[in-house]
Amino acid sequence: MTTRRELLLSLGATSAGALVLGFGFATGAGAAARPLPPASSGRGAADRARLGNYVMITADGSVTLYARNPEMGQGSKTLLPMLIAEELDADWDRVKVEYAPADAKRYEAQYAGGSMSVPDNWEPMRRVGAAARAVLVEAAARRWQADAGALVTERGFVIDRASGRKLGYGELAAEAARLPLPDPKTLTLKAPATFTILGKSHRSVDTSAILDGRPLYGIDTVVPGMKYAVYVKSPVPGARLKRADFAAARSMPGVEQVFAVEGVTPGASEQIGLARGLAPGIAIVGRNWWQVNRARTALAAEWDDAFGAEHDSEAYDARARKLLDGSGETRRQKGQVEQALAGATTVVESVYETPWLPHLTLEPQNCTARPTASGVEIWAPSQFPNDGRELVAATLGLPLDEVTVHMVRCGGGFGRRIMNDYMVEAAVIARRAKAPVKLLWAREDDVAHDYYRPGNYHRLRAGLDGAGRVVAYAVHGVSFSRGGKPVNGGEIGLDAAPGLLVPNFRLEQSLIPTILPTGWLRAPADNSLAFVHESFWDELAVAAKRDPLQFRLDHMRASFAHPIADPTEEGEPPYDVRRAAAVLERVAERSGWGRQSTPKGVGLGVATYFSHRGYVAQVAKVRVRADGDWHVEKIWVVADVGPIILNPTTAHAQVEGAVIEGVGQLTGEIRFERGRAVQANLTDFRLMRMPAAPEVDVHFLLTDNPPTGLGEPALPPALAAVSNAIFAACGARVRALPLTAQKIMAARTDVQHAG
Amino acid sequence: MKLTINGKSVNVDAPADMPLLWVLRDEIGMKGTKFGCGVAQCGACTVHLDGQPVRACVTPVGSVGARHVTTVEGLSATAEGNAVRAAWEALDVAQCGYCQAGQMMAATGLLLRNPRPSDADIDAAMQGNFCRCSTYKRIRAAIKTAAGIDPSDRREV
Ligand code: FES
Ligand code: FES
């Protein structure tokens, strides 16, 4: 991160004399690493205004650290300040944490996605802390006329061990704020062995507010004079309003305003990417949300939605199966796949299908907006607040500076809140209503207007030689397109293993045009691809008559000699097959693989996957009952995300949650008829609930690699580990999700008599 | 109409068919009780009426009558509620945290009527409380911790 960009620091004092440390990057040739002149000199003001403030220390010794990224339960609002506090040697128990404003110019991209908070911030945040510490130490050295190098810091104090003198950071803040900043290049960071904050478990800084029920989430936002709103849209996404009974809705109790909003259709080039434009709809505004939501039934709205007629899940399924009978566009290939298949001793061929999935963040989408004289002020639970701000400005035709966005805690994200559709809606409604408005979607809105994880379809063919080695791997994947381009979150990729380990491979892709909104769901693409490839790899092990874990290890070890670069992942670290093998070996040990004897109806399954820079292997223990119902008893997880687990309690929680969510995805599905979702509320989904949640054993394999994130990589292997365990338990290989008892009963090969 | 919420008497002026959830959140301004589905499927809105967990999203305020309403803001009024909150904190249960008010209310309701719940009791009492972040492992352990029993998962499958 710091290699190509230059670090900029700024130091200043508030009018009350608090030290404020700003920080940012300069890119481009002219930007030499430099501290900016102190604020008191008056120079460099423009530069300073470009930098985000991260540290504020007031005379009473209180330390406020600013978290630049959104929080949705993944822990970044706590972890990013921990990184600063570690190098600052602040007293963590007394540190106050606040969100930074959403301002990409000063804070760069502020986002929660891709498990990137750790890779993006691991070094820069620690440098912020180290710089602040350096000026505080220098201030103490000057006061004491001592050698700065001989002073130490501990929990908010600079200490001179030789004389026993100590000064609190607050007592030094005003002086430190006037000092020249150190050259960022001279800052040395701590060796991880000396960390006192990182590597130890720290609860979320919001814990008390959560447990005491204090207002915290977007939905809890209150602005004086605020109204409540719902926004009624066509069940077929994007359809325009034909007619509605506005008067009837207006006459409902509690309703104050009802008005239609013209949609804004994004330019053709903007169809792909983050959600653009604004869907047409009807806003109902009033004094209580339940009342305005009830008024929607009076609208009897009709929509111009004929264009949805052919967009049925069944039609998609039929189309995909037909496409899989032919060939697709070749996206990647190596060697001679057809030749290798023809020469193979055994050829295995299978078709896999994964369904569309909703996000279902438990806090429904919402946003509070207040019109200002010349713009709008917004409180939004968003994973991409900068993008939302730009989207609001562009859609409403406002200058960016007239749009203020405050981050608020998200009641779940999972990729749904990358899209800021609700933010634009709230901004438009508030400006039209000329009042602060809290827009809240009903759950039915959330299900009907999601950016769904698209399903996909795969035909896989693999050839094994006489020694049971995979020599050919041919993949034809069917996904969806909009404007001729593959949709978001539905990318068809080649799994690193076995795909890239095989000497001859080919990846073909076919696309089905869709009008349904699609987006990223936790571990996008990988959440389905891991199920497909890791299940199929298991099938290959069976065909080779090998233990599935050993079969994977043998193929990995055979590839140790040639490192694998995946050219599709530019800028990403290459796949390291040794790390992949190591987590697999460790999970075998921890789960007692090959040493556990399982009773009848119980099976162990393994899967391993590399995504979001993390290496994860899992073993699942599953019981299949006589009626085909299945229960995951336990999942052992081994993950390699680098040399240190920065906040262990959160790291474990992310893995536990991702694994259980992955198991839940095996039974999830949303289907469509005539362009609209069939399911409406939580009643219509089989959700992962307490009784079905397995025990999860989490273990981190520490390796000498840069630390990486944990929000996503533990999810993908869970699905295949479970489905492979079901195969081991009863011989049923279910290749089309959702994984139902009926499908198991149809496919099982063990002798079982229901009832 | 008059309600008793967390031991205090509160006057509200709301239609009798308005669900208690929206009276609490939008009329009284107590934001601790959460909205997730509105159809008694997620448990985010769980409150107690005379110590019994109910879904506030499907409880018309007019049906509450003289029964005492306890919300997460008043969780610590009982020893069980205190123990639940302490266990939730000690085990760092929350991820996004949005479901946890409802989870803690449901768990406290369980402990009020069953001080030493088995895994099966926990499954039965908690299955109506959906956690999208899948914090179930820690919820199970926290309930047992609050009950002062061995927190390990002892389910027979
Ligand atoms: S909001 Fe009441 S159960 Fe979901
Ligand atoms: S902690 Fe996020 S929904 Fe339960």
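To be clear, the structure that these remarks concern was listed above.
Computed from a predicted structure; not experimentally measured.

**Observations regarding the overall build of chain A**
A count of helices and strands for chain A gives 19 helices and 30 strands. Computed over C-alpha atoms, the radius of gyration of chain A comes to 28 Å, within 12% of the 27 Å expected from 2.2 N^0.38 for 755 residues, which places it in the range of a compact globule. Its C-alpha atoms put chain A at 80 × 70 × 50 Å along the principal axes. For chain A, the residues scored as buried account for 63% of the 755 residues in total. Here the contacts in chain A between residues at least 6 apart in sequence split such that 77% fall between residues at least 24 apart. Of the accessible surface of chain A, which amounts to about 27300 Å², a share of 50% is contributed by carbon and sulfur atoms.

**Focus: the overall build of chain B**
Within chain B, the regular secondary structure consists of five helices and five strands. Starting at the N terminus, the α and β elements of chain B follow one another as β-β-α-β-β-β-α-α-α-α. Its C-alpha radius of gyration of 15 Å places chain B within 12% of the 15 Å reference for a compact globule of 157 residues. The dimensions of chain B, computed from C-alpha atoms along their principal axes, are 50 × 30 × 25 Å. Going through the 157 residues of chain B one by one, you find that 57% of them count as buried. For chain B, contacts bridging at least 24 residues in sequence account for 56% of all contacts bridging at least 6. Counting only carbon and sulfur atoms, one obtains 50% of the accessible surface of chain B, whose full area is about 5500 Å².

**Observations concerning the sheet that holds strand 7 (residues 152-154) of chain A**
Residues and elements named next belong to chain A. With antiparallel pairing, three strands are arranged side by side in an open sheet as 7-8-9. Edge positions in the sheet fall to strand 7 and strand 9 (165-168), since each has one partner strand and no second. Recorded for the sheet is a direction-independent mean angle of 25° between the axes of neighbouring strands. Lying over the sheet, helix 5 (residues 169-177) contacts strand 7, strand 8 (157-160) and strand 9, oriented at roughly 70° with respect to strand 9.

**Section: the interface of chain A and chain B**
The interface of chain A with chain B comprises 64 residues on the first partner and 51 residues on the second. With both chains or domains summed, chain A and chain B bury close to 5000 Å², and 55% of this area falls on carbon and sulfur atoms. Looking only at chain A, the three residues that lose the most surface to chain B are L211(A), L362(A) and M690(A), adding up to 18% of its buried area. Taken together, chain A and chain B are joined by ten salt bridges. Between D17(B) and R294(A) there is a salt bridge whose closest N-O contact spans 2.8 Å. At the surface where chain A touches chain B, the tally comes to 31 residue pairs in polar contact (both at pLDDT 80 or more). At the level of secondary structure, the elements contributing two or more residues to the side of chain A that touches chain B comprise helix 6 (207-212), helix 8 (289-295), strand 20 (437-440), helix 13 (443-448), strand 27 (630-640), helix 17 (648-665) and strand 30 (695-700) of chain A.

**Digging into helix 4 (residues 117-144) of chain A**
Residue and element names in this part refer to chain A. Counted at 1.5 Å a residue, the expected span for helix 4 with its 28 residues is 40 Å, and the 39 Å between its end C-alpha atoms agrees. Taken as a whole, helix 4 carries its principal kink of about 30° at E123; the proline P124 stands between one and four residues after it. In terms of burial, helix 4 is largely enclosed, as 22 of its 28 residues are buried. Positioned one or two residues after helix 4, Q145 has a phi angle of 50°, which is positive.

**Observations concerning the packing of helix 14 (residues 526-543) of chain A against helix 15 (residues 548-558) of chain A**
Residue and element names in this part refer to chain A. Interaxial distance between helix 14 and helix 15 falls to 9 Å at its minimum, and their mutual angle equals 100°. Considered as vectors, helix 14 and helix 15 are oriented roughly perpendicular to each other. Along its contact with helix 14, which presents E534, W537, D538, L540 and A541, the element helix 15 presents P548, F551, R552, H555 and M556. Of the residues contributing to the contact of helix 14 with helix 15, the split by class is six nonpolar, one polar and three charged.

**Here's the deal with the pairing of strand 22 (residues 470-482) of chain A**
Residues and elements named next belong to chain A. Counting buried positions along strand 22 yields 13 of 13 residues, so the element is predominantly enclosed. Bridge count between strand 21 (residues 456-464) and strand 22: eight bridges; the pairing is antiparallel. Bridged to R459 within strand 22 is H476. Strand direction decides the pairing type here: strand 22 and strand 24 (residues 504-513), joined by ten bridges, are parallel. Across the sheet, residue H476 finds its bridge partner in strand 24, namely E508. As paired elements, strand 22 and strand 23 (residues 485-486) share two bridges and run antiparallel to each other. The residue bridging S481 from the neighbouring strand is P486, located in strand 23. Counting the residues between successive antiparallel strands, the hairpin from strand 22 to strand 23 contains two residues, one of them, G483, with a positive phi of roughly 60°.

**So, the side chain of D697(A)**
Residue and element names in this part refer to chain A. Within the fold, D697 resides in strand 30. The class for D697 is buried, based on a relative accessible area of 18%. A polar side-chain atom of D697 sits 3.2 Å from a polar atom in the side chain of R590. Not counting residues up to four positions away in its chain, the partners in contact with D697 are R590, K634, I635, W636 and V637.

**So, the sheet that holds strand 10 (residues 227-232) of chain A**
All names here are of chain A. If you walk across this open sheet you meet the seven strands as 12-13-10-20-17-18-19, and the pairing is mixed. The open sheet terminates on both sides in strands that have one partner only, identified here as strand 12 (255-261) and strand 19 (403-407). Pairwise comparison of adjacent strand axes, ignoring direction, gives a mean angle of 20° for this sheet.

**Observations concerning the side chain of Q679(A)**
Residues and elements named next belong to chain A. Take Q679: it is sitting in the loop between strand 29 (676-677) and strand 30. Of the polar contacts made by the side chain of Q679, one reaches the backbone nitrogen of R671; its length is 3.0 Å. In this structure Q679 touches V447, E669, I670, R671, D684 and F685, once residues within four positions along its chain are discounted.

**Brief notes about the nonpolar core**
By size, the foremost hydrophobic cluster in this structure holds 192 residues, and its most contacted members are Y473(A), M556(A), Y575(A), W630(A), V722(A), L20(B) and W88(B). In terms of residue count, the dominant contributor to this core is helix 18 (residues 716-730) of chain A (nine residues). The residues touching V722(A), leaving out its near neighbours within four places in the chain, are A620(A), V622(A), W630(A), V632(A), I635(A), V663(A) and L666(A). Counting 55 residues, the second largest nonpolar core, distinct from the first, contains M82(A), Y169(A), L172(A) and L187(A).

Rules of the game
Residues numbered from 1 in each chain as written. Chains lettered and ligands numbered in written order. Predicted model: local features only at pLDDT ≥ 70, side-chain atom pairs only at ≥ 80, totals over all residues. Heavy atoms only, no water. Helix = DSSP H or I, 4+ residues; strand = E, 2+ residues; numbered from the N terminus. Rg over C-alpha atoms; globule rule 2.2 N^0.38 Å. Buried < 20%, exposed > 50% of the residue type's maximum accessible area, 1.4 Å probe, protein only. Contact = heavy atoms within 4.5 Å. Areas by Shrake-Rupley, 256 points an atom, 1.4 Å probe, with all protein chains shown as cover. Pairing = 2+ DSSP bridges. Axes fitted to C-alpha atoms, helices over the stretch in contact; angles between N-to-C directions. Buried area = accessible area lost by both parts, 1.4 Å probe. Salt bridge = Lys/Arg side-chain N within 4 Å of Asp/Glu carboxyl O. Polar contact = N/O pair within 3.5 Å; in protein donor to acceptor, adjacent residues only side chain to side chain. Expected span 1.5 Å × (residues − 1). Bend = angle between axes of the 7 residues up to and from the residue. Parallel < 35°, antiparallel > 145°, perpendicular 65-115°, else oblique. Nonpolar A, V, L, I, M, F, W, Y, C, P; charged D, E, K, R; others polar. Core = buried A, V, L, I, M, F, W, Y, C linked by side-chain atoms within 4.5 Å.

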